[in-house]
Amino acid sequence: MEKEMKKKISIAVIAIIGIITTIKLAVIYYNSNFNPYALSSFCSVNDFIDCDGIARTPEAQFLGIPLAYWGLFFYGFVFLMLFAGKLKNYKLFRFMEVFKNPLDYIASLGLFAFLISMILLCLSLFEIKKLCILCAFTYILNLLMGCIATDFKNGGFIHSIKQSFSDFLEAIKIKKYLIAFIAVMAVAVGFLAYTRVSFVFAPQVKRQLEFKEFTGAKHNKYAVKGNILGDEDAKVIIYVYSDYQCPICPAQDIMMHKLAKEMKGIRIIHKNLPLDTDCNAYLQAPFHQGSCVDARYAIAAEKQGKFWEMNNILFEKKPQTEDAILELVKDMDFDIEKLQQDANSPETANELKKQIKEAYDKGIMGTPATVINGQVDVGIKSYNTYKEMAEKLGVQRR
């Protein structure tokens, strides 16, 4: 009995430490996903040791519930097991009598939690390529808790798992507990279904799903030909500032094409903002090299009435030299000689310089960016956000 009491005290201490740690993880999760003004946490040290970075990934949740919240539930359940013998004497907690061997439950759950932790650690190291030191600390706590709770002289974890399962089967033989168990499971499944569909606790997953169609696309299935994207006589015009070497700009470009296809009374006009020192005098150091030559050829293609064809091939292939561009468009019905002349003309250089200055005058210093009714937004938004913005301006669906 004394040995069992020592075990329970040790497990209680570990559970308290676990609760404190998971509360901190829950705060980090909240700040990383819901508080844009939050400072970096103490455990975001560099690109590898980065708790905040991991908290913003889809892997930081399961079934729409943050892993930190699952941890709080786990440690809370451990506390219930530790006091099962006393709690069952109270009417409200009479159901605790079904847990005849609470240490076996704790041992089984501790082992189960540790095995899940190892899967999460592999995801962290090999998929996300970041490490959360607070998460790693809870992994150790889970194993330690399980080892303390189990009786290695009496079958170890295997015995604990068998005993826990046996106790559970005995419990659900009692009708009232079977009904209670089914009711609890029904509520739990309903709640998890809600969190999984709404992502109310996991906005990072919702964002990923919203962007997946566009970031994962190899081709722009909404691509158009000519110089006009949308309706020529549109009342709402969206100016899009892009860089053809920008990693995320192709995704926004596909969004704009889809928006023009689904909404009437809207027109998309592309503006060049190459972040390349070859033509952008506002930059202090090389960045997206090759984007200046891309922009010049986009302007030149417009003179032949084929801007969006050129735009599409530039985003898709991301050529960085004049020779690479000419090789890509040689079979696209361009007047190659004129295209090359226009791309290298003083007129095109001045037009590009004008577009770059126009962007910086509006406070746009990065791509992608949009200007809608004078409102400047730098960075990419979800497709639904762009659609909602258009609808607020009176644009209707086709």
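Residue numbers here run from 1 along each chain, matching the order of that chain's written sequence. Local features are withheld for residues below a pLDDT of 70 in this predicted model, meaning they are given only at 70 or higher, and side-chain atom pairs are given and counted only at 80 or more; totals for whole chains, interfaces and linings count all residues. Here the side-chain values reflect all heavy atoms present in the structure, with hydrogen atoms and water set aside.

Draft legend 1. Molecular detail of the sheet that holds strand β4 (residues 236–242). Spatially, the five strands line up as an open sheet ordered β3-β6-β4-β7-β8, and their pairing is mixed. The sheet is open, and its two borders are formed by β3 (229–230) and β8 (375–378), each paired with just one other strand. Strands qualify as paired when DSSP identifies two bridges or more between them. Numbering of helices and strands starts at the N terminus; helices are DSSP runs of H or I of at least 4 residues and strands are runs of E of at least 2. One ladder, built from two bridges, connects β3 with strand β6 (residues 266–272); its direction is antiparallel. When the sheet's bridge partners are listed, Leu229 is paired in β6 with Ile268.

Draft legend 2. Just a nonpolar patch on the surface, in detail. By definition, no residue in a patch forms a salt bridge, and every one has over 30% relative accessible area; like charges are joined within 9 Å, nonpolar side chains (Val, Leu, Ile, Met, Phe, Trp, Tyr) within 5 Å. Under the convention used here, a 1.4 Å probe and the Shrake-Rupley method define accessible areas, while residue burial counts only the protein chains that appear. Here, a salt bridge means any side-chain nitrogen of Lys or Arg that lies within 4 Å of a carboxyl oxygen of Asp or Glu. On the surface, a cluster of nonpolar side chains totalling about 430 Å² of accessible area is made up of Met5, Ile9, Val13, Ile17 and Phe137. Top element by residues in the nonpolar patch is helix α1 (residues 2–34). It accounts for four residues. Tracing the backbone through its elements, the reader meets Met5 in helix α1.

Draft legend 3. Highlighting the state of the cysteines. A pair of sulfur atoms, both from cysteines and within 2.5 Å, is called a disulfide here. Applying the stated criterion across every chain, the model contains two disulfides. A sulfur-sulfur distance of 2.4 Å marks the disulfide that ties Cys43 to Cys51. In this pair, the class of Cys43 matches that of Cys51, namely buried. Across a sulfur-sulfur distance of 2.0 Å, Cys279 and Cys292 are joined as a disulfide pair. The chirality of the disulfide connecting Cys279 with Cys292 is left-handed, given an S-S dihedral of about -85 degrees. Of this pair, Cys279 sits in the loop between β6 and α11 (291–302) while Cys292 sits in helix α11, and the two are 13 residues apart along the sequence. Counting only the cysteines that take part in disulfides, in the order they occur along the protein, gives the pairing 1-2, 3-4. Using a 1.4 Å probe on the protein chains alone, a residue whose accessible area is under 20% of its type maximum counts as buried, one over 50% counts as exposed, and one in between counts as partly exposed.

No statement about biological role is implied by the geometric values presented.
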